[in-house]
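Topology and contacts: notes
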Amino acid sequence: MLVLRAALLRRHGYGYGLPVSRAHPLARMALVHRSSTSSAQKEGYTEQNVKLGRPLSPSLSILARHPDVVWVLSFSHRATGAFLTAGVSAAAITYLASGSSFPEAIKSLEGVASYPILWNSCKFVMAFPLVYHMVNGIRHLTWDTGRAFDIPLIRKAGYAVVTVAVLTTLGLLWYTPAK
């Protein structure tokens, strides 16, 4: 019923806000007529901030001067997600364009394994974003349950995410499957 009343009031030109003398008789909530908006409300958000000399939000220049583990890890989570998407897409397109079978593609990668520094560098570049994104994703899933929202706990969990990701990646670098 409330939704229908709100739709009826909007159709007759009334929006939500402060009560005014011209309020519709059906109004049982605070309403303001759309034509009575102030000039500040008509002016756009960006124009108001330019007049006040405020930077666009969020200003990366402010964040760069005061790095915090929370925003650095948030940016890193998004960056690793984009990197993984681009890497998997490029690998899939390369595989499909090559026209070779999967065993042939794996054989071509075995040639890189004969150079240990190059092979371990490739493994790190592929493994770290995946491990970091996975571990940080678990932290995000914990937040989705409504837990661990205290700032000190968020920072501790951030350092734990980085530590676990680095140690797991190093473990994957030293792992060599048996032939």
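Quick caveat, the model's predicted, so the values are computed rather than measured. (Residues numbered from 1 in each chain as written. Predicted model: local features only at pLDDT ≥ 70, side-chain atom pairs only at ≥ 80, totals over all residues. Heavy atoms only, no water.)

**Quick notes on the overall build of the protein**
For the protein, the helix and strand inventory stands at eight helices and two strands. Along the chain direction, N to C, the helices and strands of the protein fall in the order α-β-β-α-α-α-α-α-α-α. Here the protein holds 179 residues, and 19% of them are scored as buried. Across the protein, the fraction of contacts at a sequence separation of at least 24, relative to all contacts at a separation of at least 6, is 45%. (Helix = DSSP H or I, 4+ residues; strand = E, 2+ residues; numbered from the N terminus. Buried < 20%, exposed > 50% of the residue type's maximum accessible area, 1.4 Å probe, protein only. Contact = heavy atoms within 4.5 Å.)

**Section: the packing of helix α5 (residues 69–98) against helix α8 (residues 151–174)**
Think of two packed helices as two axes; the pair is described by the angle between the axes and how far apart they sit. The N-to-C vectors of α5 and α8 enclose an angle of 45°; their axes lie 9 Å apart at closest approach. As judged from the angle between their axes, α5 and α8 are oblique. In terms of crossing hand, the pair formed by α5 and α8 is left-handed. Side by side, α5 and α8 meet where Val-69, Val-70 and Leu-73 of the first sit next to Ile-154, Arg-155, Gly-158, Tyr-159 and Val-162 of the second. (Axes fitted to C-alpha atoms, helices over the stretch in contact; angles between N-to-C directions. Parallel < 35°, antiparallel > 145°, perpendicular 65-115°, else oblique. Left-handed = near helix turned anticlockwise from the far one by under 90°.)

**Things to note about α8**
Its 24 residues place the ends of α8 35 Å apart at the C-alpha level, agreeing with the 34 Å of an ideal helix rising 1.5 Å per residue. Residues Ile-154, Gly-158, Val-161, Ala-165, Thr-169 and Leu-173 constitute the buried set of α8. Next to the buried residues of α8 lie α5 and α7 (116–144). (Expected span 1.5 Å × (residues − 1).)

**Concerning the pattern of salt bridges**
Counting across every chain of the model gives one salt bridge. The partner of Asp-68 in a salt bridge is Arg-155, with the nearest N and O atoms 3.1 Å apart. Of this pair, Asp-68 sits in the loop between α4 (60–65) and α5 while Arg-155 sits in helix α8, placing them 87 residues apart in sequence. (Salt bridge = Lys/Arg side-chain N within 4 Å of Asp/Glu carboxyl O.)

**Some words on unusual backbone geometry**
Despite not being glycine, Ala-148 has its phi angle at roughly 65°, a positive value. Considering the arrangement of structural elements, one finds Ala-148 in the loop between α7 and α8.

**A short note on the packing of aromatic side chains**
Taken as a whole, this structure holds four aromatic pairs when the rule is applied. Measuring from ring centre to ring centre gives 6.2 Å for Tyr-95 and Phe-102, while their planes differ by 80°; the resulting arrangement is edge-to-face. Given the relative accessible area of 53%, Phe-102 is considered exposed. Between Phe-124 and Phe-128, the ring centres sit 5.6 Å apart and the planes meet at 10°, which makes this aromatic pair stacked. Of this pair, Phe-124 and Phe-128 both sit in helix α7, four residues apart, which is roughly one turn of that helix. For Phe-124, a relative accessible area of 37% translates into the label partly exposed. Owing to a relative accessible area of 22%, Phe-128 belongs among the partly exposed residues under this scheme. Through pairs of rings, three or more aromatic residues link up here, namely Phe-124, Phe-128 and Tyr-132. (Phe/Tyr/Trp six-rings, centres within 6.5 Å; stacked < 30°, edge-to-face > 60°.)

By themselves these figures say nothing about function.
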